[in-house]
Every structure is written in C-alpha cells, then in structure tokens.
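Letter by letter, the chains look like this.
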Amino acid sequence: MDASDIERLFRREDGSYLFSRWGRPLAPVVFGVEEETLGVIKGAVEAVCALCGHQISETDPELGANFMWFVMRDWQEMLDVPNMDKLVPDLADLVTRLRDADANQYRAFRFDEDGAIQACFVFLRMDKALSEMPAESLALNQAVQSILLWSDLAFRDSSPLAIADGTTVLRPDVAAVIRAAYDPVLPVMAQDASHAMRLAARVSQAERTAPH
C-alpha cells in the first residue's frame, strides 16, 4: 500500500482524516455466545494483538472490561440489557436506525483524553449472512475492525480478510498497516493526512527488511 491507499483507510465519508489506536491493554468480554465460541473470539483477539504487539488484560482498572461483544438475534435485545443506555448514548434511536437499515453489525468506540481508543463495544445481530459465516472468520473480522478506528468506508466494498489455501486469513496489506500503526513512535491519534505518509514509510521499510 502507498500513502494514498492508507489514507483512504482513515478518511471518513465526511472527508475528514481520523486515526486512533488503543492506548491501553484490551480486556475483552463476550455476551450471548456458547462456551466454544468464546475460545474462538479470544483466539482472534489474541492473534490481532500479537500482530501489532499490543497487550491483553483480564481486566481494565477503570472500566473492568473495555472490549465488550454483544451477540443477539434482534436489535431490540439491546434495550433489554441493564445499563446499556449508559454505554451507548441515544440507545433507543440507535436501535431504530439499525433496524431500519437492516444492519447486522455495529461498533461503538470511546476515547481517552489523548484521543486513544479507551473502549470498544461490538454488537452483532446474527442474521442469515452472519450465521452462515464460519465463527473464526466472523471473530477475526470484528477483531481487525476494532483494533484501529478505521474509516467508515474502509471495508465497505472489500473485506479485510482473504482466503488462502482454503483458510480465512487477514489480508497481508491490512496486517502491515495494523503493525505499522502500533509503532510506539507514532501518535495514538491523528487528524492530519500526513500521518498516512508516516504509516506508508513504515510499511515500506518492513517490506524491504522482511526475509524472502
């Protein structure tokens, strides 16, 4: 990927550039799935964190859990979860919008005073399309889309995943951007598109030094 390709991953529909990464270890918790699926989701989160050298924790000292997954059959279930309205502002309006759009997924982020990701809430409505996806693919897709604040357009037309030898994997170009984004020299949040050039330089350097 060159700088313009990377810039498109973080340039939003309104034209603004906005990048953010996690500023604290991820403390995941999952609601609404069977026991065996918990291991699949945990494995996906661990794999993405290992890719970029980020940490996972049992608990977040401030929030308890800061990476929360809610899996449901109908968006109406969100209204039945105690205190959900404290996690997600304007919850009733959001549920109406999701239902009207026939959406099957939604992610909400919170940020700290430095603009780093402080928490992420993943909501999945298991419609026919999501139910037919292998659990590993679904979990990896959500983990990838939650590890950075991507543009709302980033993966609208193409998935961050690919099939290699019959196995679902993270696309190498997307993996390279995630790895570069967690370079400790780079800021945790950026609103200037020149940031994409710094990411591109690190991706290019990694490609030149990778063993062949």
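This part covers helix H2 (residues 35-52). Taking 1.5 Å as the rise per residue, H2 with 18 residues should run 26 Å; its terminal C-alpha atoms sit 27 Å apart, in good agreement. Within H2, the full set of buried residues consists of Ile41, Ala44, Val45, Val48, Cys49, Leu51 and Cys52. Mapping the buried residues of H2 onto a view down its axis gives an arc of 160 degrees, with all of them on the same face. Across H2 from its buried face, at more than 90 degrees, point the exposed residues Glu35, Glu36, Lys42 and Ala50. At its buried positions, H2 is contacted by strand S2 (28-31), strand S3 (67-72), helix H6 (135-147), strand S7 (167-170) and helix H7 (172-181). The first or second residue beyond H2 is Gly53, which carries a positive phi of 75 degrees.

Interaxial distance between H2 and H6 falls to 8 Å at its minimum, and their mutual angle equals 40 degrees. Relative to H6, the element H2 is oriented oblique. In this structure, H2 crosses over H6, and the sense of that crossing is right-handed. When H2 is examined against H6, the residues Val40, Ile41, Ala44, Val45, Val48, Cys49 and Cys52 are found in contact with a partner set consisting of Ala135, Glu136, Ala139, Leu140, Ala143, Val144 and Ile147. Residues that form the contact of H2 with H6 fall into these classes: 13 nonpolar, no polar and one charged.

Sheet analysis places S2 next to S3, joined by four bridges and oriented parallel. What sits directly across from Val29, in S3, is Met68.

Mapped onto the elements, Glu46 comes out in helix H2. Classification of Glu46 as partly exposed rests on a relative accessible area of 38%. Expressed as a C-alpha distance, the spacing of Glu46 and Ile56, which sit ten residues apart in the sequence, is 7.3 Å.

It is worth spelling out helix H1 (residues 3-10) at this point. Listed as buried for H1 are Ile6, Leu9 and Phe10. Taken around the axis of H1, the buried residues stretch over an arc of 90 degrees, which confines them to a single face.

Glancing now at the side chain of Gln142. Examined against the element boundaries, Gln142 turns out to sit in helix H6. At a separation of 2.8 Å, a polar atom in the side chain of Gln142 contacts the side chain of Gln105. Not counting the four nearest positions on each side in its chain, Gln142 is found in contact with Trp69, Gln105, Arg107, Val122 and Leu124.

A few words now on the side chain of Ser151. Its location among the elements puts Ser151 in the loop between H6 and strand S6 (161-164). One polar contact links the side chain of Ser151 to the main-chain carbonyl oxygen of Arg11, over a distance of 2.7 Å. With near-sequence residues (within four places) excluded, Ser151 lies in contact with Arg8, Leu9, Phe10, Arg11 and Arg12.

Attention shifts here to the pairing of S6. Of the strand pairs in this sheet, S6 and S7 are connected by four bridges, and their pairing is antiparallel. By the bridge assignment for S7, Ala162 is matched with Val169. The antiparallel pairing of S6 with S7 creates a hairpin that spans two residues between the two strands, and Asp165 there sits at a positive phi of about 55 degrees.

Structurally, the position occupied by Thr59 is in the loop between H2 and S3. Sequence separation between Thr59 and Ser16 is 43 residues, and the spatial gap between their C-alpha atoms is 33 Å. Those residues in contact with Thr59 that sit more than four places away from it in its chain are Ala27 and Gly64.

The rules we used
One numbering rule holds for all chains: residues counted from 1, following each sequence as written. A pLDDT threshold of at least 70 governs which residues receive local features in this predicted model, and a stricter bar of 80 or more applies before side-chain atom pairs are shown or counted, although totals over entire chains, interfaces and linings include all residues. With hydrogens and water set aside, each side-chain value is computed from the structure's full complement of heavy atoms. Helix and strand definitions here come from DSSP, where helices need a minimum of 4 consecutive H or I residues and strands a minimum of 2 consecutive E residues; each element is numbered from the N-terminal end. Working rule for helices: expected span equals 1.5 Å times residues minus one. Buried residues are those whose accessible area, probed at 1.4 Å on protein chains only, stays under 20% of the maximum for their type, while exposed residues exceed 50% and partly exposed ones sit between those limits. What the arc covers is the set of directions going from the helix axis to the C-beta atoms. Only heavy atoms matter for contacts: two residues are in contact if any of them lie within 4.5 Å across the pair. For helices, the fitted line uses only the C-alpha atoms of the stretch in contact; every axis is such a line through C-alpha atoms, and the angle between N-to-C directions lies from 0 to 180 degrees. Under this scheme an angle from 65 to 115 degrees is roughly perpendicular, one under 35 degrees roughly parallel, and one over 145 degrees roughly antiparallel; angles in between are oblique. Throughout, a crossing is termed right-handed when the near helix is turned clockwise from the far one, and left-handed when it is turned anticlockwise from it by less than a right angle. Three categories are distinguished: nonpolar for Ala, Val, Leu, Ile, Met, Phe, Trp, Tyr, Cys and Pro, charged for Asp, Glu, Lys and Arg, and polar for the others, with Gly belonging to the last. Each pair of strands is called paired provided DSSP finds at least two bridges between the two strands. Polar contact is defined as a pair of N or O atoms within 3.5 Å, subject to the rule that within protein one atom must be able to donate a hydrogen and the other to accept it, and that residues adjacent in sequence are counted only when both atoms are side-chain atoms.

Read these as geometric descriptors, not functional statements.
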